[in-house]
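# Close look at the chain arrangement
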Amino acid sequence: MNDETVGAGGLPSSVLSGDEAQPAAPSPAEAATRVRPEPTTPPQAGVVTVPEIEPMPLVAEPEPALPPAVDLTAPALYLNREMSLLDFQERVLEEAEDSANPLLERVKFLSIFSSNMAEFYMVRVAGLKQQVAAGVRDLSADGLTPAEQLQLVRDRASSLLRRSRRAFKALRDELCAAGIYILDYDELDDAQKRFADEYFESYVYPVLTPLAFDPARPFPHISNLSLNLAILIRTPEGEERFARVKMPRALPRLVPVCAPEASGPHCELKPDQPSRGRAFHFVWLEQLIISHMDMIFPGSEVVEAHAFRVTRDAEVAIQELEAEDLLETIEEGVRKRRFGSVVRVTVTPSLPDFVRDILVENLKLDPEDIVVLEPPIGASNLMELYKIDRPDLKDTPFRPAPLQLLDDEEQVDLFAAIRERDILLHRPFDSFEPFVDLLKQAASDPDVLAIKMTLYRVGKDSPVVEALLEAAQNGKEVAALVELKARFDEESNIGWARRLEQEGVHVVYGVLGLKTHSKIALIVRREGKRIRRYLHLGTGNYNVVTATQYTDLDFLTADEAMGEDATELFNFLTGYALRESYESFLVAPNTIRSGLEGLVMREIEHARAGRGGHMILKANSLVDAKVTKLLYEASIAGVKIELLIRGICQVRPGVLGVSENIRVRSVVGRFLEHSRVYYFGNAGDPTVLVGSADLMRRNLDRRVEILFPIKDPSLIKRLKADALDIYFADNTHARDMQPDGTYVRAQVAEGEERVDAQQTLIERSMRHAPSS
């Protein structure tokens, strides 16, 4: 939406900027505060400034001067994308630090944090480095060059990583007190060492490949995210040589060692209660390897050995040609990803400078790409501890509520149930099984003629794909759009695509130039003399594993208008039937942006007409300059805006004269918040859209996305209560953004009940779940 359109629509003059805006003089009350115009000098790199609030006299002058127009594109009104993403990682780290969470859940959060940070370097830092290398000088929305952003994120990321090591030390002591010991090799007792030595000789030594580096042998290739040992050896001739040993990924990083009752040599805390069941003892794999260097380099003296980890650029360059060529291109890109340019090398403080120099020179590093951390390097492997059989140290398991349908029959006719009414599932509190059962029923139903589906991330051993294969074997027309460009899932999706093709499924790989991110399944069924279409639309992937880990929404309907839209959409995805608009759906890249803009403008009109304006927007990310500017315009017009944004958020709330009507909240809890819900009050007759699209330019303009309406008033009421309102009542895992962009954790006020949104939904689900 351009500024001319905004002006023609008669938005408040404070929204406009430039000489053409001639706002009316404010009343004395309105003039009490105003936003001081931005300074003409650019902000200092790395410093984000909020527009200052200038107090004004309450008594108007005889001829008041016109207030300066608010420039809604001012960099100070926009938060930096990269720093906002690191803010989210900090919230994940806080969950690892929070003693209110069960101990092994905290370990899990620390592992997730480490994995997230690796991806941040692989994708975001790598992108900034590419821009700097290319000499890009374009400014971000908050007014920073790529070089300035790169320095900022390096400093902030390093600080968070150091903090994560402090969190690990605290967790290690608490694990020790709970009977879970993480030991170095030299801390093992004699019995433990005998067990560890036998394990090394039987399982580790046979798979190790030491690689020397000398004038006759080049520096070895080091793959992405590999953990390695940098080793200095002294030959019998007295020469010092560098060698590298790669840690085998096929073996556990934390090696369990059979041991008698032990207290753990480094355990500083005394257990406040006896551990339940037997104790668990582990030794780091790198420590085990280092202790046996004499076997790896016989005849040479091992002077020292140090762990290091390489992180490479993970972006896959894709040249889109025909489908087969696209498949081969992505396969090649996945192979090359292992050896993309290095964006980070993590080392321990004990690594000598001369070894660091070897890594810098041979990996073509900027010295700033060396990140020095206390061990362990690669803390994502701590997830291995989560497999320990200690339910007392984990969240209480629960069974998702089954679908309450019809007459509680053992074999529910899901087609009949969907014909009767639309069905909304809220994962993981509701089971994902009804959709899987629907697909299985469709695969064997003789009246089902066709199944069409998009597959983005389905995971391994997928019952969803198995149902499609069965349907094809039963003679049904089956079409699957397999998105090969789902980052880090390319290999899995390539494998599924080939297997589907072998069974006669029509497999396509998306639309040229657009990633297909929408989640939709269409089942075409013959019923008497008519054809009926059944739909599944959702916010999450068709992945039974993440269905238990993410909060998502699934919608099952036989709505005729939506069925028609779905048919037209699949014709677009598999052919050339591009439509500019749909009856019920908003579809990116054509109509989601304009559709959302229209709904925001309607709320602005309601607010200006005195009917109130209200929006609740729930998404993973909000980082789009046009959307942000429009939300500021709505706030200025008096629209109440509640943003429930899990991760990146560009909007700066609470700035007087601009965004004082905007509230931004993030919830990080047991499950990853993943659903997208866009609620517009519409003066008491709400419009609610659900779908796969975040409020990001890539989702709105460069992907195939779907937003679909929820029409049933009872479902709208439930959706608002369970997916929106309850999160704004949360005072346990919620954080509220402040005007300066920082987040403050919600607190239980005196006399207020503790509200944990996800736990409340779990308890509600368990009341409807069958007893085990």
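Presented here is a report on the structure given in the accompanying data block. (Residues numbered from 1 in each chain as written. Predicted model: local features only at pLDDT ≥ 70, side-chain atom pairs only at ≥ 80, totals over all residues. Heavy atoms only, no water.)

It is characteristic of soluble globular proteins that their nonpolar side chains tend to be buried jointly. Counting residues in each nonpolar core, the largest one holds 48 residues, and the members touching the most others are I520, L537, L569, F585 and L719. Ranked by size, the runner-up nonpolar core spans 47 residues in total, among them L171, V343, L373 and L393. (Core = buried A, V, L, I, M, F, W, Y, C linked by side-chain atoms within 4.5 Å. Buried < 20%, exposed > 50% of the residue type's maximum accessible area, 1.4 Å probe, protein only.)

Of all the positions in helix α12 (residues 463-473), only V464, V465, A467, L468, L469, A471 and A472 are classed as buried. The backbone nitrogen of V464 has a side-chain oxygen 3.2 Å away, supplied by the residue at the start of α12, namely S462. (Helix = DSSP H or I, 4+ residues; strand = E, 2+ residues; numbered from the N terminus. Polar contact = N/O pair within 3.5 Å; in protein donor to acceptor, adjacent residues only side chain to side chain.)

Taking 1.5 Å per residue, twelve residues should reach 16 Å; helix α19 (residues 757-768) reaches 17 Å between its end C-alpha atoms and fits that length. Looking at the buried side of α19, the elements it contacts are β12 (423-427), β19 (550-557), β25 (672-673) and α18 (713-729). (Expected span 1.5 Å × (residues − 1). Contact = heavy atoms within 4.5 Å.)

Strand order in this open sheet of three strands is β3-β8-β7, and the pairing throughout is mixed. Whereas interior strands pair on both sides, the edge strands pair on one side only; in this sheet they are β3 (180-183) and β7 (254-256). The sheet shows a mean angle of 30 degrees between the axes of neighbouring strands, direction not considered. (Pairing = 2+ DSSP bridges. Axes fitted to C-alpha atoms, helices over the stretch in contact; angles between N-to-C directions.)

For strand β24 (residues 662-667), the buried fraction is high: five of the six residues fall into the buried class. Pairing of strand β23 (residues 640-645) with β24, which is carried by four bridges, proceeds in the parallel orientation. If you follow L644 over to β24, its bridge partner there is R665. Pairing analysis gives three bridges linking β24 to strand β30 (residues 734-737), with the strands arranged antiparallel. Within the sheet, the bridge partner assigned to V667 lies in β30 and is A734.

Now for the pairing of strand β21 (residues 614-619). Burial analysis of β21 places six of its six residues in the buried class, the great majority of the element. Taking every second residue as pointing to the same face, both faces of β21 are buried, with H614, I616 and K618 on one and M615, L617 and A619 on the other. Bridge analysis of β21 against β23 gives six bridges, and the strand direction is parallel. Counterpart to L617 in the pairing with β23 is L643. Where β21 lies against strand β26 (residues 676-680), four bridges are found, and the strand directions are antiparallel. By the bridge assignment for β26, K618 is matched with V677.

This model, assessed by the stated rule, comprises 14 aromatic pairs. A ring pair is formed by F120 and Y121, whose centres lie 6.2 Å apart and whose planes are at 90 degrees; its orientation type is edge-to-face. Residue Y121 is classed as buried on the basis of its relative accessible area, which comes to 3%. Ring geometry for F200 against Y205: centres 6.1 Å apart, planes inclined by 45 degrees, an arrangement best described as tilted. Using a relative accessible area of 36% as the deciding quantity, one classes Y205 as partly exposed. Chaining the aromatic ring pairs together yields one cluster made of F213, F219 and F242. One residue, R91, lies across the ring of Y743, its end atom 4.0 Å from the ring centre. Between K394 and the ring centre of Y386, over which it is positioned, the NZ or CZ distance is 4.7 Å. (Phe/Tyr/Trp six-rings, centres within 6.5 Å; stacked < 30°, edge-to-face > 60°. Lys NZ or Arg CZ within 6 Å of the ring centre and 35° of its normal.)

This next bit is on the packing of helix α2 (residues 81-97) against helix α3 (residues 103-133). Packing of α2 against α3 brings their axes to within 8 Å, and their N-to-C directions diverge by 165 degrees. Considered as vectors, α2 and α3 are oriented roughly antiparallel to each other. For the element pair α2 and α3, the recorded crossing hand is left-handed. Contact residues: R81, E82, L85, L86, F88, Q89, V92, L93, E95, A96 and E97 in α2; R106, F109, L110, I112, F113, N116, M117, F120, R124 and L128 in α3. Its residues assigned to classes, the contact of α2 with α3 shows 13 nonpolar, two polar and six charged. (Parallel < 35°, antiparallel > 145°, perpendicular 65-115°, else oblique. Left-handed = near helix turned anticlockwise from the far one by under 90°. Nonpolar A, V, L, I, M, F, W, Y, C, P; charged D, E, K, R; others polar.)

For the structure shown, the criterion picks out 41 salt bridges. For D559, the salt bridge goes to K711, with nearest N and O atoms at 3.3 Å. Taken together, the residues D559 in the loop between β19 and α14 (560-574) and K711 in the loop between β29 (703-709) and α18 connect sequence positions 152 residues apart. The closest approach of N and O atoms between R718 and D722, which form a salt bridge, is 3.8 Å. Here R718 and its partner D722 are both found in helix α18, four residues apart, which amounts to about one turn of the helix. Because the salt bridges share partners, they merge into one network encompassing D87, E90, E97, R156 and R163. (Salt bridge = Lys/Arg side-chain N within 4 Å of Asp/Glu carboxyl O.)

The subject of this paragraph is the sheet that holds strand β9 (residues 301-312). Judged by pairing direction, the sheet is mixed, and its six strands sit side by side in the order β4-β6-β5-β9-β10-β11 without closing on themselves. The open sheet terminates on both sides in strands that have one partner only, identified here as β4 (210-213) and β11 (370-372). Each adjacent strand pair in this sheet contributes to an overall mean axis angle of 30 degrees, direction not counted. By the bridge criterion, seven bridges tie strand β5 (residues 227-234) to strand β6 (residues 240-246) in an arrangement that is antiparallel.

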